[in-house]
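# Summary of structural features
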Amino acid sequence: MKEQSLKVAVIGAGVSGLHTARELKTQGHDVTIFEKTNRLGGTWAYDPRVEPDPLGLDPGREIVHSSLYQSLRVNLPKRLMGFLDYPFTERKDPREFPGHEEVLLYFEDFAKDFGLVELVRLEHEVVRVERVDEVSHEWVVGSRTRRSESEEEAEAEEEVFEAVVVCNGHHTEPRIAEFPGMDAWPGVQIHSHNYRTPEPFQNLIVMVIGNGPSAIDILTEISSVAKEVHQALRDSDIHFKKLESDNNIWQHSMIECTKEDGKVVFQDGSFVYADVIMHCTGYKYHFPFLRTNGIVSVDDNRVGPLYKHVFPPQLAPWLSFVGLSYRGVTTLIIELQSRWVARVLSGKVALPSEEEMASSVEELYQHMEESGWPKRHTHQLQNKFDYEDWLITQILDLPPLEEWREQMYFSALKKITSIDDDDFWDTWDIDKWMQEIA
């Protein structure tokens, strides 16, 4: 295959965008990173502001990109979160599960050490990504900037690139739970995207929907100041119960409906009068700038069709996505995907034919349907590191992953979904654990 150097646009300067830019640069491509905020780091750049619409339903609202809450700590050991050739070493926070500030420092150092900062156009919001014409492999990237806070109109500019990699993240556009009566319910409803600190919930009765890591973090933190905290779960086996380890946390089945008098009724027949409903219900994939005439779409949170979560068969390799997959070691997946993309664009690695890629996508969709796996979980990776191992086979110049990575991930995963393991983060002796598995 003939090697080539391309002019490539990367949308977003978060983790996905930075590592993708590093790999593209390493492969000799001419890279420009577009970042709509005024700093690097994506969701790891903590912003104390919240949006004026607490549920995030108003499309015209001022959007705050980051979804971090002030106390957030990582739920994976930092030695897992580091890139393969750039370990996550201590900067200011010595804990194995550091706070978000330490993570941001790591990614900022990564950008500086690999000369990525000068590739970033800060405060450049991408508003259009579209092929020059239906037969061209070139893409128009339209962006707008705001030169000053007082300027009402943003300056717009367009530029043509030979390839585009979408790395805009997926923790900004909230998904909310829906149930009868929610519009008439008189209390406050908020998505976890707009949660920062527990103080606003002092002496209130708070209803938390969800059971992911963020839901558990938030309900545990809120319980320290709230009068009561109630948790609604999708699990059909859950019935009303009080948690033994906490004085003011109760678990319920999912919400059946809400009433105009403030009552929240659950599917198991129990109910509570609440002041706040907190939707810890995840996020939507959102690409308002992308124009592909329907070739790539988002349907019930399935971005598709995408070959191996990265390449649209009909537009590959000139359009790709990095960082859509979740569950697993996110930084590792991003690293492997970005290495694959960079090598494909350079001509060092070949993709299957368009027909073969499309067939692979359909096989995945059919398997999901036959297994009863919801469409919205298309990009959720399964238990083993099969996807990561497959990516390594495509990259060609990486050795197999060390076994301890997978073992450490699943050891941590068993803990991060349990409310009863509040001290887990500071009591797991990982060095001793690694000696035991060696």
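Just so we're clear, the structure is a prediction, and the values are computed from it rather than from any experiment.

When its secondary structure is counted, the protein shows 10 helices and 22 strands. Relative to a compact globule of 438 residues, whose C-alpha radius of gyration would be 22 Å, the protein shows 22 Å and is just as compact. Considering the protein as a whole, with its 438 residues, one finds that 53% of them fall into the buried category. When contacts within the protein are restricted to residue pairs at least 6 apart in sequence, those whose partners lie at least 24 apart make up 63%. When the accessible surface of the protein is totalled, it reaches about 20,600 Å², and 47% of it is carbon and sulfur. Charge centroids of the protein, computed over 44 positive and 75 negative side chains, lie 1 Å from each other.

Relative to the helices and strands, Glu335 is located in helix α5 (residues 330-346). Overall, the relative accessible area of 0% leaves Glu335 in the buried class. Within the structure, the side chain of Glu335 is placed 3.0 Å from the side chain of Arg339, a separation counted as a polar contact. With near-sequence residues (within four places) excluded, Glu335 lies in contact with His19, Phe83, Leu84 and Asp85.

Another point: helix α3 (residues 100-113). Compared with an ideal rise of 1.5 Å per residue, which puts 14 residues at 20 Å, α3 spans 20 Å between its outermost C-alpha atoms and is within 8% of the ideal. Taken as a whole, α3 has its buried residues at His100, Glu102, Val103, Leu104, Tyr106, Phe107, Phe110 and Ala111. Packing partners of the buried residues in α3 comprise α1 (15-26), α2 (78-81) and α5.

Moving on to the sheet that holds strand β9 (residues 188-191). Whenever strands of a sheet pair, they do so through backbone hydrogen bonds, lying parallel or antiparallel. Spatially, β9-β17-β10-β11-β13-β12 is the arrangement adopted by the 6 strands of the open sheet, whose pairing is mixed. On the outer flanks of this sheet lie β9 and β12 (241-242), each paired with one strand and no other. In this structure, strand β10 (residues 205-209) lies alongside strand β17 (residues 276-279), joined through 4 bridges in parallel fashion. By the bridge assignment for β17, Ile209 is matched with His279.

Let's shift gears to a negative patch on the surface. Taken together, the side chains of Asp30, Asp133, Glu134, Glu138 and Glu162 present a region of like negative charge at the surface. Within the secondary structure layout, Glu138 lies in the loop between β4 (124-131) and β5 (139-145).

Further remarks concern the side chain of Ser320. Mapping Ser320 onto the fold places it in strand β22 (residues 319-321). The exposure class of Ser320 is buried, given its relative accessible area of 0%. Ignoring sequence-local partners within four residues, the contact set of Ser320 consists of Val164, Val165, Val166, Val310, Phe311, Pro312 and Val341.

Attention shifts here to the confidence of the model for the protein. Per-chain confidence: the protein averages 91 in pLDDT, with 93% of residues scoring 70 or above. Segment residues 148-152 is flagged for pLDDT under 50; beyond a separation of four residues in sequence, or across chains, it makes 2 contacts in the model.

Quick notes on the rules
- Residue indices begin from 1 for each chain and proceed along its sequence in written order.
- With pLDDT at 70 or above as the cut-off, local features in this predicted model cover only qualifying residues; side-chain atom pairs require 80 or more to be listed or tallied, and sums for whole chains, interfaces and linings still use all residues.
- Each side-chain value is derived from all of the structure's non-hydrogen atoms; neither hydrogens nor water enter the calculation.
- Secondary structure elements follow DSSP: runs of H or I of four or more residues count as helices, runs of E of two or more count as strands, with numbering from the N terminus.
- The reference for a compact globule is 2.2 Å times residues^0.38; the radius of gyration itself is calculated from the C-alpha atoms.
- Partly exposed describes any residue whose relative accessible area lies between the buried limit of under 20% and the exposed limit of over 50%, with all areas from a 1.4 Å probe on protein chains only and scaled to the type maximum.
- In this analysis, two residues are considered to be in contact whenever any of their non-hydrogen atoms come within 4.5 Å of each other.
- What sets the accessible areas is the Shrake-Rupley method with a 1.4 Å probe; for residues, cover comes only from the shown protein chains.
- Counting rule for charge: Lys and Arg are taken as positive, Asp and Glu as negative, and neither His nor the chain ends is counted.
- The atom standing in for a charge is NZ when the residue is Lys, CZ when it is Arg, CG when it is Asp and CD when it is Glu.
- Polar contact is defined as a pair of N or O atoms within 3.5 Å, subject to the rule that within protein one atom must be able to donate a hydrogen and the other to accept it, and that residues adjacent in sequence are counted only when both atoms are side-chain atoms.
- Helix span is expected to be 1.5 Å times the residue number reduced by one.
- Criterion used throughout: strands pair if DSSP finds at least two bridges between them.
- Within this analysis, patches are made of residues with over 30% relative accessible area and no salt bridge. Like charges are joined at 9 Å or less; nonpolar side chains (Val, Leu, Ile, Met, Phe, Trp, Tyr) at 5 Å or less.
- Between Lys or Arg on one side and Asp or Glu on the other, a salt bridge is scored when a side-chain nitrogen of the former is within 4 Å of a carboxyl oxygen of the latter.
- The quantity called pLDDT is the predictor's confidence in a given residue, expressed from 0 to 100.

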